[in-house]
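One-letter residues, chain by chain:
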Amino acid sequence: ERRGIALSCDSVGSKVIVCEQLGRYDTIGIDLFGMNANDVICVGADPIALLDYIAVEEANPDVLEQIGVGLRAGAEQAGVEIPGGELAVLPDVVRGHPSPRGFDLVGFCVGLVDLDSVITGAAIEPGDALIDIPSSGIHSNGLSLARRVLGDLDERFGDKTAGDLLLEPTVIYVRAIRELLSSSVDVRGLAHITGEGFLNLLRLEAPVGYRIDAPLPVPLVFRLIAERGNVDAAELHEVFNMGCGFCVVTPAGDAEAAVSVLAR
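From a predicted model like this one, the values you see are computed outputs, not experimental measurements.

The rules behind the values
- Residues numbered from 1 in each chain as written.
- Predicted model: local features only at pLDDT ≥ 70, side-chain atom pairs only at ≥ 80, totals over all residues.
- Heavy atoms only, no water.
- Pairing = 2+ DSSP bridges.
- Helix = DSSP H or I, 4+ residues; strand = E, 2+ residues; numbered from the N terminus.
- Axes fitted to C-alpha atoms, helices over the stretch in contact; angles between N-to-C directions.
- Contact = heavy atoms within 4.5 Å.
- Parallel < 35°, antiparallel > 145°, perpendicular 65-115°, else oblique.
- Left-handed = near helix turned anticlockwise from the far one by under 90°.
- Phe/Tyr/Trp six-rings, centres within 6.5 Å; stacked < 30°, edge-to-face > 60°.
- Buried < 20%, exposed > 50% of the residue type's maximum accessible area, 1.4 Å probe, protein only.
- Disulfide = S-S within 2.5 Å.
- Patch = residues over 30% accessible without salt bridge, like charges linked within 9 Å, V, L, I, M, F, W, Y side chains within 5 Å.
- Areas by Shrake-Rupley, 256 points an atom, 1.4 Å probe, with all protein chains shown as cover.
- Salt bridge = Lys/Arg side-chain N within 4 Å of Asp/Glu carboxyl O.
- Lys, Arg positive; Asp, Glu negative; His and termini not counted.
- Charge placed at Lys NZ, Arg CZ, Asp CG, Glu CD.
- Arc of directions from axis to C-beta.

A.B. asks: What is the right way to look at the sheet that holds strand β3 (residues 85–89) in this model?
C.D. replies: Pairing between the strands of a sheet comes from backbone hydrogen bonds, and it takes one of two forms, parallel or antiparallel. Taken together, 4 strands build an open sheet; the order of strands is β1-β4-β2-β3 and the sheet is mixed. Each of the sheet's edge strands pairs with one partner strand only, and the pair in question is β1 (3–11) and β3. This sheet shows a mean twist of 15° between the axes of neighbouring strands, independent of strand direction. With 5 bridges connecting them, strand β2 (residues 46–56) and β3 associate as parallel partners. Bridge pairing in β3 links V56 to V89. Contacts from helix α3 (residues 61–78) reach β2, β3 and β4 (103–114) within the one sheet, and its direction differs from that of β2 by about 165°.

A.B. asks: I would appreciate a short explanation of the packing of helix α6 (residues 174–181) against helix α9 (residues 255–263) in the present structure.
C.D. replies: Orientation of α6 relative to α9, taken along the N-to-C sense of each, is 140°, at an axis distance of 9 Å. Put simply, α6 runs oblique to α9. Here α6 and α9 pass one another in a crossing that is right-handed. Residues A176, I177, E179 and L180 of α6 form the contact with α9, whose own contacting residues are A258, V261 and L262.

A.B. asks: Please explain the packing of aromatic side chains as it appears in this structure.
C.D. replies: For any pair of aromatic rings, geometry is given as the distance between the ring centres together with the angle between the planes. Tallied over the entire structure, the rule returns 3 aromatic pairs. Ring centres of Y25 and F103 lie 5.5 Å apart, and the angle between their planes is 65°; this geometry places the pair in the edge-to-face category. Placement of the pair is Y25 in the loop between α1 (15–22) and α2 (28–40) and F103 in strand β4, with a sequence separation of 78 residues. As far as burial versus exposure is concerned, Y25 and F103 are alike and both buried. Ring centres 5.4 Å apart and planes at 40° place the aromatic pair Y173 and F246 in the tilted group. Taken together, the residues span a long stretch of sequence, with Y173 in the loop between α5 (162–167) and α6 and F246 in strand β9 (residues 244–250) at a distance of 73 residues. The exposure classification of Y173 matches that of F246, with both residues buried.

A.B. asks: Any chance you could explain the sheet that holds strand β8 (residues 189–192) here in plain terms?
C.D. replies: With antiparallel pairing, the 3 strands of this open sheet are ordered in space as β5-β9-β8. Lying at the two open borders of the sheet, with one neighbouring strand each, are β5 (129–134) and β8. Strand-to-strand twist across the sheet, computed as the mean angle between neighbouring axes with direction ignored, equals 15°. Note: β5 against β9, 6 bridges, orientation antiparallel.

A.B. asks: How should I be thinking about the state of the cysteines in this particular structure?
C.D. replies: Two cysteines whose sulfur atoms are joined by a covalent bond form what is called a disulfide. Following the criterion strictly, the structure yields 0 disulfides and no others. Cysteine C19 shares no disulfide, and the gap to the nearest cysteine sulfur, in C9, comes to 19 Å. Counting only cysteine sulfurs, C247 is the nearest neighbor of C42, a cysteine outside any disulfide, at a range of 9.8 Å.

A.B. asks: What am I meant to see in a negative patch on the surface here?
C.D. replies: The grouping of E196, D232, E235 and E238 at the surface amounts to a negative patch. Among the secondary structure elements, E235 is positioned in helix α8 (residues 233–239). According to the relative accessible area criterion, E235 is partly exposed, its value standing at 39%.

A.B. asks: Just to check I follow, could you spell out helix α7 (residues 220–229) for this structure?
C.D. replies: Each turn of an α-helix holds 3.6 residues, which means side chains three or four residues apart point in the same direction. Residues V221, F222, L224 and I225 constitute the buried set of α7. Around the axis of α7, the buried residues are gathered within 160° of arc, so they sit on the same side. Of the surrounding secondary structure, the elements contacted by the buried residues of α7 are α4 (143–149), β6 (156–157), α5 and α8. Looking one or two residues beyond α7, the residue adopting positive phi is N230, at roughly 55°.

A.B. asks: Any chance you could explain the environment of V261 here in plain terms?
C.D. replies: With respect to the secondary-structure elements, V261 resides in helix α9. Spatially, the C-alpha atom of V261 lies 28 Å from that of L165, the residues being 96 residues apart in sequence. For V261, the contacting residues outside a window of four places in its chain are E179, L180 and S183.

What follows is the structure, encoded as structure tokens:
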């Protein structure tokens, strides 16, 4: 059988600024796996390794240890190895919010895929079912807008602060999607819902349009951004995942079986 590799390279965006402001770095590594491994699985690949690049303004052992804790948690959730990486101390390039806490976190993920079973979306037909999988919140997209609107990170909303809501780690969908791919379900399309929201579905090579008639519940963080920032619904859906972190397209007859696999 012919094997190919699937590759992804992505950062965690300006979510790092929230880490710097709060002095909390122990979950951002999970987001790095979310942004990269969740992309690699979209062609039906099995992610096997991720290299991380950490650029810091100042090499603080406690901060680096916290970042490492998150990277390990992300690796375990994704079932992916971290065979290597790079730490660069770049005070002339990286500036913190506040200094000297500045850092950037980038990942490069590799997956393996059988070339005869690559999922492109080309098999999608009108009448197929679109299944949404919940997000945990903001994930790693649209943080610039979110930070501007929720400026006081200590403000409380029930038992969580604004900082808690913004730092909530990205859900890693790897195990769920791998399990779905090994089931009897005919998986025709996979889309990671990141920046641009449901418009990510248009990356699929499918000659169809999409109607989302029963969207998932919208998490609190997006409702707050809408109210506080006076952001209209169209812009919200173009910037944020709005409660759906991943989409699966199957024939309508397979939808129930797919949902029961994913619900596990």
